[in-house]
Amino acid sequence: MTGNKSLRLMMLAGALLLMVLLAWVPATASADAPKRADVQTQLEDLQSVEKPDADTRQRIADLKDTLTVLDDLAEATSSLNSLKSEVKEAPAELAKAQAELARLPQDYTPPSIASLEGESVEALDKRMTSILDSLQNLQDKLADTNRRLINAQSLPERSRSTLADAQQQVQRLQTQLGGSGDADLSGTGRDLIEARLALAETRGELSHSELNSSSLLRELAQVRKTLYSRQIANLEQDLEQVQTLVNDKRRNQSEQTIADATSGENAALADNPIFQQ
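Please read all numbers here as calculations on a predicted model, not as lab measurements.

This paragraph deals with helix α2 (residues 36-47). Between its first and last C-alpha atoms α2 spans 16 Å; for 12 residues at 1.5 Å apiece the expected length is 16 Å, and the two agree. Taken residue by residue, α2 has Val39, Leu43 and Leu46 as its buried positions. Looking straight down α2, one finds that the buried residues subtend no more than 70° of arc, so they occupy a single side.

Next up, the structure:
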C-alpha cells in the first residue's frame, strides 16, 4: 500500500510539473535585448583604447560575452520561427500526405513490358534516369523523416528539461535586473544580462512550442514514412521492369549487329574470285 501511495504521489507530482511547464507564457522582453551592431561598435571603440584599465577590460569582456549570447539568441529565434511555420503548415501537409497515400493502389503493378516495347533504348534510358532521380529524392525524404521520428522519441523529455532550466534562468536573471544591486550594474553588464534573459525566454518558448506540437508533427512524420516507403517500393518495381526491357533490347541489338556483320562477311567471301573457282 505504501509503495502504491508513493507511486501515485510521484505521478501526481510529475503531472503537476508538466502542467506548470505547459503553462509557459512566451515572453516579450526579448525586444529589450541589445542590438548586435550596437554591441559590436562599443566593443571596437573600447578595443581601440591603448592602455585599458580594469573597468574597461571588464566592459570588453562583457561585450564579447554579449555577442556570443546574441548569436545563440539569433539561432534560437530562427529555430522558433521555423517551428512555428512548420506547425502552421502541418495540418494541410498531413491532409495532403494522407490523400496521396489513399490514392496509392494496395497491390501495385508496374507498366507491362508490352506497353513499353515500342520505346527506343534511348527513350527507355531517359525513363530509367527519371525513375532513379525520383528514387533518390524519395530516399532523401525518407531518411529525413526517420531522423525526425527518432528525434521525436526523446523530444518530450529534452524539451521539458530545457523548459524547466529556462524558467529558472528567467527568474534568476529577472532578479538580477530588478534586485537591490541594480545600480551597481554597468551598461555593458546590464546588456549582457538582458541578452541572457532574452535567450532564456526564447529557448523556453521554443521548448514549449516543441511540446505542444510534438503529437501533430509525429503523426505527420509517420504518415509520410508510410507514403515514401510505398512510393519507393513502387518505383523500384518500375525500375526493374524498365531495366529488364533495356537489357533485352541491347542484347537483341548486339545479336543483330553480329548477325549483320557475319552476313556481310559471307557475302564478301561469295563474291571473291577464289571462292568462285
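Picking up after the structure, the text goes on.
Per the counting criterion, the structure on display carries 11 salt bridges. Across the pair lysine 84 and glutamate 205 runs a salt bridge, and its minimum N-O distance is 3.2 Å. Of this pair, lysine 84 sits in helix α3 (residues 54-103) while glutamate 205 sits in helix α6 (residues 187-271); the two residues are 121 residues apart in sequence, bridging distant segments of the chain. On the basis of relative accessible area, lysine 84 is assigned to the partly exposed category, the value being 42%. Judged by its relative accessible area of 14%, glutamate 205 falls in the buried class. Each of the salt bridges in this network shares a partner with another, and the network as a whole consists of Glu86, Asp144, Arg147 and Arg148.

It is worth spelling out the environment of glutamine 168 at this point. You can see glutamine 168 is positioned in helix α5 (residues 121-178). Each C-alpha atom, one on glutamine 168 and one on alanine 200, is 8.9 Å from the other, the two residues being 32 residues apart in sequence.

What follows covers the environment of threonine 56. With respect to the helices, strands and loops of the structure, threonine 56 is situated in helix α3. According to the relative accessible area criterion, threonine 56 is buried, its value standing at 11%. The sequence separation of threonine 56 and leucine 46 amounts to 10 residues, and the corresponding C-alpha distance is 6.9 Å.

Moving on: α3. When the terminal C-alpha atoms of α3 are compared, their 72 Å separation across 50 residues agrees well with the 74 Å that a helix rising 1.5 Å per residue should span. Remark: the principal bend of α3, roughly 45°, maps to alanine 90, with a proline, proline 91, within the next four residues. Residue aspartate 53 occupies the N-cap position of α3, its side-chain oxygen lying 3.3 Å from the main-chain nitrogen of aspartate 55.

Our focus in this paragraph is the side chain of aspartate 62. With respect to the helices and strands, the residue aspartate 62 is situated in helix α3. Of the side chains with opposite charge, arginine 196 comes closest to the buried, unpaired aspartate 62, at an N-O distance of 7.0 Å.

Here is what the cut-offs are and how they apply
Residues numbered from 1 in each chain as written. Predicted model: local features only at pLDDT ≥ 70, side-chain atom pairs only at ≥ 80, totals over all residues. Heavy atoms only, no water. Helix = DSSP H or I, 4+ residues; strand = E, 2+ residues; numbered from the N terminus. Expected span 1.5 Å × (residues − 1). Buried < 20%, exposed > 50% of the residue type's maximum accessible area, 1.4 Å probe, protein only. Arc of directions from axis to C-beta. Salt bridge = Lys/Arg side-chain N within 4 Å of Asp/Glu carboxyl O. Bend = angle between axes of the 7 residues up to and from the residue. Polar contact = N/O pair within 3.5 Å; in protein donor to acceptor, adjacent residues only side chain to side chain. Lys, Arg positive; Asp, Glu negative; His and termini not counted.

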